[in-house]
Amino acid sequence: MFNIVFFASLRETLGCGQLNWQSEARSIAGLIQELRAQGENWDSALARPDLLCARNQQLCTPDEAITAGDEIAFFPPVTGG
């Protein structure tokens, strides 16, 4: 089971900020593929080429290996000012 967190516009688009997700995925890319299959909003929100992800609060790439119990976060790029 993975704790998945969505931030900013992703949270608004998907209508949820957090999920506990049962999965056999071995990478974040595999997890994204499963989540995108949940519907049109999920597919378009998680297909963004600029989507950022983190594993256990460390930025990473979608090819990052994951294991049960990890926290996976997704968020769009943000700018400060």
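These numbers were taken from a predicted model, which means no experiment stands behind them.

Reading the values: the criteria
- Going along each chain's sequence as written, the residues are numbered from 1 onward.
- Only residues with pLDDT of at least 70 get local features here, since the model is predicted, and only at 80 or more are side-chain atom pairs given and counted; chain-wide, interface and lining totals rely on the full set of residues.
- Just so you know, side-chain values use all the structure's heavy atoms and leave hydrogens and water out.
- When accessible area is computed with a 1.4 Å probe and restricted to protein chains, residues below 20% of their type maximum are described as buried, those above 50% as exposed, and intermediate ones as partly exposed.
- The numbering of helices and of strands both runs from the N terminus, where a helix is a DSSP run of H or I of at least 4 residues and a strand a run of E of at least 2.
- Contacts between residues were defined by any pair of non-hydrogen atoms, one from each residue, lying within 4.5 Å.
- Definition of nonpolar core: a set of buried residues of the types Ala, Val, Leu, Ile, Met, Phe, Trp, Tyr and Cys, connected through side-chain atoms within 4.5 Å.

Undergrad: Report on unusual backbone geometry, specifying residues and quantitative values.
TA: The phi torsion at Ala8 lies on the positive side, around 55°, for a residue other than glycine. By relative accessible area, Ala8 is classed as partly exposed at 32%. In this structure, Asn56 is a non-glycine residue whose phi angle is positive, near 50°. Of note, Asn56 is situated in the loop between strand 3 (52-55) and strand 4 (58-60).

Undergrad: Report on helix 2 (residues 28-36), specifying residues and quantitative values.
TA: For the α-helix, the turn length of 3.6 residues means that residues three or four positions removed from each other point alike. When we look at burial in helix 2, the residues that qualify are Ile28, Gly30, Leu31, Ile32 and Leu35. Next to the buried residues of helix 2 lie strand 1 (2-6), strand 2 (18-21), helix 3 (40-46), strand 3, strand 4 and strand 5 (71-75).

Undergrad: Go over the nonpolar core with me, naming the residues and quoting the values.
TA: What tends to happen in soluble globular proteins is that the nonpolar side chains get buried as a cluster. Within the largest apolar cluster, 22 residues are counted, with the highest numbers of intra-cluster contacts made by Ile4, Phe6, Leu31, Leu35 and Phe74. In terms of residue count, the dominant contributor to this core is helix 2 (four residues). The contacts of Phe74, once residues within four sequence positions are left out, are Ile4, Val5, Phe6, Phe7, Leu10, Ile28, Ile32, Leu35, Leu46, Leu51, Leu52 and Cys53.

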